[in-house]
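Each chain, written out:
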Amino acid sequence: MSTSRTTKNTGRHQESQKDVKEKKDPPSSLTEASVKEDTMNVAEILRELRELRKENQESFTDTKASLFRLESSVTDLKERMEKLEQRTGEIELRISAAEDTGQRHERTLRYLVRREAATTNLCDDLQNRLRRNNLRIYQVPEGSEKNDTVGFVKQLIKNQLQLKNEDIQIERAHRSPGLKPACPAPPRSIIVRFLDYTVKEAVLRQAWAQKQVMFQGKAIYFDQDYSPEVQQRRVRVRGVIKQLKEKGIQARCRFPAQLRVILETGVKNFPTLIEALPTLSADE
């Protein structure tokens, strides 16, 4: 009976060893499949690695090209900046030179303006000095002198001013330059130059003393022969005098073109109309 038990145990032990052996040594078909699958996985990985390497190489090439372009752009910008800095420096030098030149020109211009004003005043003074022996007769009808202006003026002075005792010596006499005006326009003045300054002054004093000198039924006027500049200034002064007289203020025009105003506070002389403006505005 023990023998049969031993035989059974031996059989069971052999079966167990057989099962373990079967587990340790699987079938060859399963091993080949696993190897094949592993090989395919490795091949796929290698393929993906090659593609990734290719993509990395392309990206590296693109990056390198971009860096090269960027470096070229930076170099170009650097060159342009250097050129701009150089041009800016040149422009600053030119501006500085232009400013210096402008200042010199400004000083020269101020000097020339002063010289021009002084020269103008000198020329105007010389003109008036050369005209000291001259006088003008206004409102004499055109053609009254015919062809002998000197003889006509002598007779006019003797007859209208009653200066028969004066030795009137006239160097020349003529109408003021310009075309003969049309009928409605006032006639041109007659310019008379005397040989003697005292005779001219006597004629003027007598004409101003009579206040009104008539010729052919019309009033004529005697005045100094001023330079064009002084005449324009005196015309402006006379306009102001007319306005002042309308307001009851006495005023006169003094040589060359000064305004003399007689106020309650006294007599005031103004070389220019601008200087007279504050006083006249206060009196209003």
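Residues numbered from 1 in each chain as written. Predicted model: local features only at pLDDT ≥ 70, side-chain atom pairs only at ≥ 80, totals over all residues. Heavy atoms only, no water.

Draft legend 1. Structural detail: the overall build of the protein. The helix and strand tally for the protein stands at six helices and eight strands. Counting from the amino terminus, the protein carries its helices and strands in the arrangement α-α-β-α-β-β-α-β-β-α-β-β-β-α. Every one of the 284 residues in the protein was classed for burial, and the buried ones make up 22%. Pairs at least 24 residues apart make up 53% of the contacts formed inside the protein by residues separated by at least 6 positions. (Helix = DSSP H or I, 4+ residues; strand = E, 2+ residues; numbered from the N terminus. Buried < 20%, exposed > 50% of the residue type's maximum accessible area, 1.4 Å probe, protein only. Contact = heavy atoms within 4.5 Å.)

Draft legend 2. Up close: the pairing of strand 3 (residues 190-194). With five of five residues buried, strand 3 lies mostly within the body of the structure. One ladder, built from four bridges, connects strand 1 (residues 134-138) with strand 3; its direction is antiparallel. Bridge assignment links Arg136 to a residue of strand 3, and that residue is Ile191. (Pairing = 2+ DSSP bridges.)

Draft legend 3. The sheet that holds strand 6 (residues 250-254), seen in detail. Spatially, three strands are ordered 6-7-8 in an open sheet, and the strand pairing comes out antiparallel. The open sheet has two edge strands, strand 6 and strand 8 (266-270), and neither has a second partner. Neighbouring strand axes in the sheet, compared pairwise and without regard to direction, differ in orientation by 20 degrees on average. Docked against the sheet, helix 5 (residues 228-246) engages strand 6 and strand 7 (258-263), running at close to 170 degrees with respect to strand 6. (Axes fitted to C-alpha atoms, helices over the stretch in contact; angles between N-to-C directions.)

Draft legend 4. Fine view of the pattern of salt bridges. A complete count under the given rule lists 13 salt bridges for this structure. Between Arg110 and Glu106 there is a salt bridge whose closest N-O contact spans 3.1 Å. Taken together, the positions of Arg110 and Glu106, both in helix 2 (residues 28-130) and four residues apart, correspond to about one turn of that helix. In this structure, Glu142 engages Arg175 in a salt bridge whose closest nitrogen and oxygen atoms are separated by 3.9 Å. Of this pair, Glu142 sits in the loop between strand 1 and helix 3 (149-160) while Arg175 sits in strand 2 (residues 170-175), placing them 33 residues apart in sequence. Given the relative accessible area of 10%, Arg175 is considered buried. A cluster of three or more residues bridged by salt bridges with shared partners is formed by Glu142, Glu145, Arg175 and Arg188. (Salt bridge = Lys/Arg side-chain N within 4 Å of Asp/Glu carboxyl O.)

Draft legend 5. Quick peek at helix 4 (residues 197-210). The terminal C-alpha atoms of helix 4 lie 20 Å apart, and with 14 residues this matches the ideal 20 Å at 1.5 Å per residue to within 8%. What helix 4 keeps buried is the set Val199, Lys200, Glu201, Ala202, Val203, Leu204 and Ala207. Its buried side turned inward, helix 4 meets strand 1, helix 3, strand 3, strand 4 (213-215) and strand 5 (218-224). Phi turns positive one or two residues past the end of helix 4, at Lys211, with a value near 65 degrees. (Expected span 1.5 Å × (residues − 1).)

Draft legend 6. Geometry of the nonpolar core. By size, the foremost hydrophobic cluster in this structure holds 23 residues, and its most contacted members are Ile137, Val153, Val192, Phe194, Val203 and Phe222. Within the residue set of this core, elements represented by two or more residues are strand 1, helix 3, strand 2, strand 3, helix 4, strand 4 and strand 5. Residues in contact with Val192, not counting those within four places in the same chain, are Asn133, Asn134, Leu135, Ile137, Val153, Ile170, Arg172 and Ala173. Counting 13 residues, the second-largest nonpolar core is a separate cluster that includes Val237, Val240, Val261 and Leu263. (Core = buried A, V, L, I, M, F, W, Y, C linked by side-chain atoms within 4.5 Å.)

Draft legend 7. Broad picture of helix 5. With 19 residues, helix 5 ought to run about 27 Å at 1.5 Å a step, and its terminal C-alpha atoms sit 27 Å apart, in line with that. For helix 5, the full list of buried residues reads Val230, Arg234, Val237, Val240, Ile241 and Leu244. Considered in projection along helix 5, the buried side chains sweep an arc of 120 degrees and stay on one side of the axis. Exposed positions of helix 5 whose direction lies more than 90 degrees from the buried face are Val235, Lys242 and Glu246. Directly beyond the C-terminal end of helix 5, a positive phi value near 85 degrees is found at Gly248. (Arc of directions from axis to C-beta.)

Draft legend 8. Focus on the confidence of the model for the protein. Averaged over all residues, the pLDDT of the protein equals 85, while 87% of them reach at least 70. For the stretch residues 20-24, pLDDT sits under 50, and the model shows zero contacts to residues farther than four places along the chain or on other chains. (pLDDT = per-residue confidence, 0-100.)

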